[in-house]
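Below, each chain spelled out in residue letters.
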Amino acid sequence: MKRLNAELIEEHNQHELADLERDYAALGEKLSRNGIAIEKLTQAAAEFQIAVPSWGTGTGGTRFARFPGEGEPRNIFEKIEDCAVINELSGCTDSISPHFPWDWVSDFSELKQASDSYGLKWVSVNSNTFQDQPGQTATYKYGSLSNTQKASRELAIQHNLDCIEYGKQLGAKSLTVWVGDGSNHPGQQHFQRAFERYLASAEEIYKGLPDDWEMHLEHKMFEPAFYSTVIQDWGSNILAAMHLGPKCKSLVDLGHHAPNTNIEMIVSRLIQFKKLGGFHFNDSKYGDDDLDSGSLHPYQQFLIFNELVDADYRNQPEFNPAYMLDQSHNVTDPIESLVNSAIEVQRSYIKALIVDREALYSHQDANDAMMASCELKNAFNLDVSPILAMARYRKGAAIEPLISYRAANYRKTTSKARPRDPNASGSGIV
Ligand code: PSV
Ligand code: MN
């Protein structure tokens, strides 16, 4: 089943096709001079997939305000519809990462049926112990898995175990745990005792993992705690993952580091120690997920993929990271941002495939810093857009996704079926 009019996309594609074929042929000729077969890259682009975060389909907000968009989804079923649109346009987002309890439903088979009807799968299940739910018996105000109060910790553990159960019904294979636990004042929290409590709670969750599941821990250096967080950085993250066991790995959210952190090196370390669980892709200037993937630091994103492609090239054991987006869209249509972002991540991947690994290794071994850096830069500087567009075209997705999307008038038509609840909250962060 399709959400967008396939004929409209096809009509647009036919309009663009002649130009695309010319650009594709020219790029193919250029690549072949370097011994690279364009078809291999197009095949890789067609196989590349990145998950959409269910929560990213709604308009985000800041602590100051949220400005809801026209026709935005009001529940998980409507989010699935928008995820279908994103995949129909991009051809590289065939899965959804859900967040509970935001996406909770009483009948998961109904949810599975809805996603199946659009050919969408479910991947990593995210728990939420950073917010109290109505009627909750103990509070997360002072943390969840590391809370000083047993009742809060138990509630958080149980919620994560429940998330695994929901995920099992949807066919997911991993649980992503991010906690807002931390402190806002020096002295407020005993660092070691808080980490001990966190680990003891996480052990209980780990015990509940099915054999073929992984648990992914996400670190973040700030917010909602602004002095210290319990899983502050990749160091605390990998320590916890190592403590818990082989099924526990670290998840890298690009927005969760101090400015200028060398994220690609962190990725390399995690790969080396078989601890890279996955990614939340986004971009940021000041912190967190405030910008779209690749919109500000495309070279950093490319360098991360350079490590990932290298790991693949070297057949690094137990290397199978999950790719997900995690962005807050405050001023754009989330569908447009997610389509663009998925394609930008795919672009970094394809560019990293162009790097001549053996040439790079020999420059590195010869300590030829200039040629090594040019090897990377030359790949990054090449415009691979025709490859991405051709991969989309061959899958029936859109050569020019935003042009087709805008022509479809999706938000306008959808807004009629999704009248806004006048009592819905106007603020909040997502
Ligand atoms: C926290 O900032 C985070 O990156 C985590 O992944 C959460 O699950 C998500 O954003 C939604 O708040
Ligand atoms: Mn995240």
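In case you missed it, the structure is sitting above this.
Residues numbered from 1 in each chain as written. Chains lettered and ligands numbered in written order. Predicted model: local features only at pLDDT ≥ 70, side-chain atom pairs only at ≥ 80, totals over all residues.

Things to note about the sheet that holds strand β10 (residues 248–253)
Filter applied, for reference: Two strands form a pair only when DSSP identifies at least two bridges running between them. Each helix is a run of H or I in the DSSP string that is no shorter than four residues. Each strand is a run of E no shorter than two, and both are numbered from the N terminus. Whether two residues are in contact is decided by their C-beta atoms, placed from the backbone, lying within 7 Å. To obtain each axis, a line is fitted to C-alpha atoms, and for helices this fit is confined to the stretch in contact; angles are then taken between N-to-C directions over 0 to 180 degrees.
Reading across the sheet, the seven strands line up as β3-β5-β6-β8-β10-β11-β12 and stay open at both edges, with parallel pairing between neighbours. Of all the strands in the sheet, just β3 (99–100) and β12 (322–325) have a single pairing partner and so form its edges. As paired elements, strand β11 (residues 276–281) and β12 share four bridges and run parallel to each other. For His280, the partnering residue across the bridge sits in β12 and is Met324. The sheet contacts of helix α10 (residues 334–354) involve β11 and β12, and relative to β12 the element is tilted by about 145 degrees.

Remarks on the pairing of β10
Operational definition: Whether a residue is buried, exposed or partly exposed is read from the other C-beta atoms within 10 Å of its own C-beta, which are placed from the backbone; 20 or more gives buried, 12 or fewer gives exposed, and intermediate counts give partly exposed. Looking down the strands as they point away from the viewer, one classifies a crossover as right-handed if the path from the first strand across the helix to the second runs clockwise.
Summarising burial for β10: six of the six residues are buried, a large majority. Note that strand β8 (residues 214–218) and β10 share four bridges and pair parallel. Within the sheet, the bridge partner assigned to Glu218 lies in β10 and is Leu251. The pairing of β10 with β11 spans four bridges and is parallel. Residue Asp253 lies in a different strand from β11, and its bridge partner there is His280. The handedness of the β10 to β11 crossover, carried by helix α8 (residues 263–272), is right-handed.

A word on the site of ligand 1
So the rule is basically this: To decide nearness, the C-beta atom of each residue is placed from the backbone, and the residue is near a molecule or strand if that atom lies within 6 Å of it. Three classes are used, and their members are as follows: Ala, Val, Leu, Ile, Met, Phe, Trp, Tyr, Cys and Pro are nonpolar, Asp, Glu, Lys and Arg are charged, and the others, Gly among them, are polar.
Around ligand 1 sit 11 residues, and of these Asn126, Trp178, Glu218, Asp253 and Asp326 come closest. Classifying every residue of the shell around ligand 1 by side-chain character gives three nonpolar, two polar and six charged.

Concerning helix α7 (residues 234–244)
Every α-helix winds through 3.6 residues per turn, so residues three or four apart in the chain are directed the same way. Counted only if it meets this: Directions from the helix axis toward the C-beta atoms define the arc.
Taken residue by residue, α7 has Trp234, Asn237, Ile238, Ala240 and Ala241 as its buried positions. For α7, the buried positions fall inside an angular range of 160 degrees around the axis, keeping them on one side. In this structure, the buried residues of α7 make contact with α6 (191–207), β8, β10 and α8. Note on α7: the residue one or two positions beyond its end, Gly245, has a positive phi of about 135 degrees.

Digging into the nonpolar core
We count it as follows: By convention the nonpolar core is taken to be a set of buried residues drawn from Ala, Val, Leu, Ile, Met, Phe, Trp, Tyr and Cys and joined through C-beta atoms within 7 Å.
Met324 and Ala352 are the most contacted members of the largest nonpolar core, which totals 98 residues. If you tally residues by element for this core, the top one is α10, at 10 residues. The contacts of Met324, once residues within four sequence positions are left out, are Ile50, Ala51, Pro53, Ser97, Val123, Ser124, Gly278, Phe279, His280 and Phe281.

Side note on the packing of helix α4 (residues 108–117) against helix α5 (residues 150–170)
Using the following cut-off: Any angle that falls under 35 degrees is termed roughly parallel, while one over 145 is termed roughly antiparallel, one within 65 to 115 roughly perpendicular, and all others oblique. Should the near helix be turned anticlockwise from the far one by less than a right angle, the crossing is termed left-handed; should it be turned clockwise, right-handed.
Running from amino to carboxyl end, α4 crosses α5 at an angle of 45 degrees, the nearest separation of the two axes being 9 Å. With respect to α5, the element α4 is oriented oblique. As α4 packs across α5, the resulting crossing turns out to be right-handed. On α5, the residues that touch Phe108, Leu111 and Lys112 of α4 are Tyr166, Gln169 and Leu170. In terms of residue class, the contact of α4 with α5 is made up of four nonpolar, one polar and one charged.

Side note on the packing of helix α2 (residues 38–47) against helix α13 (residues 385–394)
The description of two packed helices rests on the angle between their axes and on the distance between the axes. As a packed pair, α2 and α13 sit with axes 9 Å apart at the nearest point and diverge in direction by 60 degrees. One way to sum up the angle between α2 and α13 is to call them oblique. Between α2 and α13 lies a crossing of right-handed hand. For the pair α2 and α13, the contacting residues are Ile38, Leu41, Thr42, Ala45 and Ala46 in the first and Ile387, Leu388, Met390, Ala391 and Arg394 in the second.

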